[in-house]
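Chain residues, written in single-letter form:
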Amino acid sequence: MLGGQADLEVVGEAGDGLEGVALVDRLRPDVVLMDIRMPVLDGLEATRRLHRLPEPPHVIVLTTFDADEHVVQALAAGADGFLLKDTPPARIVEALRKVADGEPMLSPSVTRTLIDRLRAAEAEPADDRAARAQRRLAVLTEREHEVALAVGRGLSNAEIARELHLSIPTVKAHVSRLFDKLVVTNRVQIAICVHDAGLG
């Protein structure tokens, strides 16, 4: 599936999570396709270890089941994508390209589950949650705020660039600063923050 793509190169394969972490540390790939169920070290813990590397790769987690706890744990561990193993090959290839470009990729069937799970986990009343989200967004510059709103609408980097008349590298830089300022690890969490603030 991947071998026939001119812009993709498979640099390594691992039989278990521990071997995978060691290979990534040595080979420095841009993107890792990570299975959740593996011997020795499961994919969630392997993803956590990769995320702690000085220059972590992007990680797409693959699994047979879209159990909501797996989705939440994978994203919390630092994964940039979550796909089911029955995802069509063309979509997996598309996911690799998008994630390498800094954009998240979730199977459609898990997106709603993820948002519902994360929102249900918020114990505070809706008004308090909105106020907290608004305080988090208040630290952003005007341009970062515009980019955050665009991410909240599900726009890709290229779409944000067109809409805000920016270059794609500039959009990527703004998104990277959003990760730092909002203390999040992926675009889904930015979108949730925007939604909680009543802006999405």
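You'll find the structure just up there.
Residues numbered from 1 in each chain as written. Predicted model: local features only at pLDDT ≥ 70, side-chain atom pairs only at ≥ 80, totals over all residues. Heavy atoms only, no water.

### Things to note about unusual backbone geometry
Phi is positive for V40, close to 70°, though the residue is something other than glycine. By the secondary structure assignment, V40 is in the loop between β1 (31–35) and α2 (43–51). With a relative accessible area of 65%, V40 lands in the exposed category. Backbone geometry at H165 places phi at a positive 60°, although glycine is not the residue there. (Helix = DSSP H or I, 4+ residues; strand = E, 2+ residues; numbered from the N terminus. Buried < 20%, exposed > 50% of the residue type's maximum accessible area, 1.4 Å probe, protein only.)

### Notes on the pairing of β1
Note: β1 against strand β2 (residues 58–63), five bridges, orientation parallel. Across the sheet, V31 pairs through a bridge with H58, a residue of β2. This β-α-β element, β1 to α2 to β2, shows right-handed connectivity. (Pairing = 2+ DSSP bridges. Right-handed = clockwise from strand over helix to strand, strands pointing away.)

### Some thoughts on the sheet that holds β1
The parallel open sheet is built from four strands, whose spatial order is β1-β2-β3-β4. Whereas interior strands pair on both sides, the edge strands pair on one side only; in this sheet they are β1 and β4 (105–106). Examined bridge by bridge, strand β3 (residues 81–84) and β4 share two bridges and lie parallel to one another. The residue bridging G81 from the neighbouring strand is M105, located in β4.

### Quick notes on the pattern of salt bridges
Inspection of the entire model under this criterion finds eleven salt bridges. Its salt-bridge partner being R48, residue E45 comes within 3.2 Å of it at the nearest N-O pair. A residue pair is termed a helical-turn pair when its members lie 3 or 4 positions apart in one helix, as E45 and R48 do in helix α2 at three residues. We classify E45 as partly exposed; its relative accessible area is 23%. The partly exposed category is assigned to R48, whose relative accessible area is 30%. For E45, the salt bridge identified is with R49, shortest N-O distance 3.3 Å. (Salt bridge = Lys/Arg side-chain N within 4 Å of Asp/Glu carboxyl O.)

In short, the description is geometric, and any link to function would need to be established separately.
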